[in-house]
Amino acid sequence: DISQVTAPMPGLVIDVSVSEGDTVEKDQALLILEAMKMENVIKSKGVGKVKKIHIQKQDKVDKAQLLIEFE
């Protein structure tokens, strides 16, 4: 069961692969976060439905910042 996704490190959001209301599967790509010139694919830790997306493309995020909430 997952309730939210937070940033594992500070970085820049390159792409968001899901929309609010989407149902996601375990290990599905949610977004791409660029940190230290590397692109990191942030994946779902379980099955859930996207409730709210708190970021968008080109946002700079801090470590532990809330990115996506699930129902």
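The preceding data block contains the structure.
Reading the values: rules and limits
Residues numbered from 1 in each chain as written. Predicted model: local features only at pLDDT ≥ 70, side-chain atom pairs only at ≥ 80, totals over all residues. Heavy atoms only, no water. Pairing = 2+ DSSP bridges. Helix = DSSP H or I, 4+ residues; strand = E, 2+ residues; numbered from the N terminus. Core = buried A, V, L, I, M, F, W, Y, C linked by side-chain atoms within 4.5 Å. Buried < 20%, exposed > 50% of the residue type's maximum accessible area, 1.4 Å probe, protein only. Contact = heavy atoms within 4.5 Å.

## Structural notes on the pairing of strand E5 (residues 38–43)
With 6 bridges joining them, strand E4 (residues 29–35) and E5 adopt antiparallel strand pairing. From the neighbouring strand, glutamate 34 faces E5, where its bridge partner is glutamate 39. Counted between consecutive antiparallel strands, the loop separating E4 from E5 contains 2 residues, among which methionine 36 sits at a positive phi close to 50 degrees.

## With respect to the pairing of strand E6 (residues 48–53)
Working note: regular strand, side chains alternate between the two faces of the sheet. Summarising the sheet, strand E3 (residues 23–24) and E6 pair through 2 bridges and their orientation is antiparallel. When the bridges of E6 are listed, valine 24 appears paired with glycine 48. Here E6 runs beside strand E8 (residues 66–70); their pairing, made up of 3 bridges, is antiparallel. Among the inter-strand pairings, valine 50 is bridged to a residue of E8, identified as phenylalanine 70.

## Quick look at the sheet that holds E8
The antiparallel open sheet is built from 4 strands, whose spatial order is E1-E8-E6-E3. Since the sheet does not close on itself, it has two edges, and those belong to strand E1 (4–6) and E3, each with one partner.

## Quick notes on the nonpolar core
Formed by 17 residues in total, the largest nonpolar core has its most connected members in Leu30, Leu31, Leu67, Ile68 and Phe70. Look past the residues within four positions of phenylalanine 70 in its chain and what remains in contact with it is Ile2, Ser3, Gln4, Val5, Val24, Leu30, Gly48, Lys49, Val50 and Lys51.

## Regarding the environment of leucine 30
Residue placement: leucine 30 occurs in strand E4. For leucine 30 and valine 61, which are 31 residues apart along the polypeptide, the C-alpha to C-alpha distance reads 15 Å.

## Some remarks on the sheet that holds strand E7 (residues 60–61)
With antiparallel pairing, the 4 strands of this open sheet are ordered in space as E5-E4-E2-E7. On the outer flanks of this sheet lie E5 and E7, each paired with one strand and no other. Alignment of strand E2 (residues 11–16) against E7, held across 2 bridges, turns out to be antiparallel. Among the inter-strand pairings, leucine 12 is bridged to a residue of E7, identified as lysine 60.

These results come straight from atomic positions and should not be treated as a statement about function.
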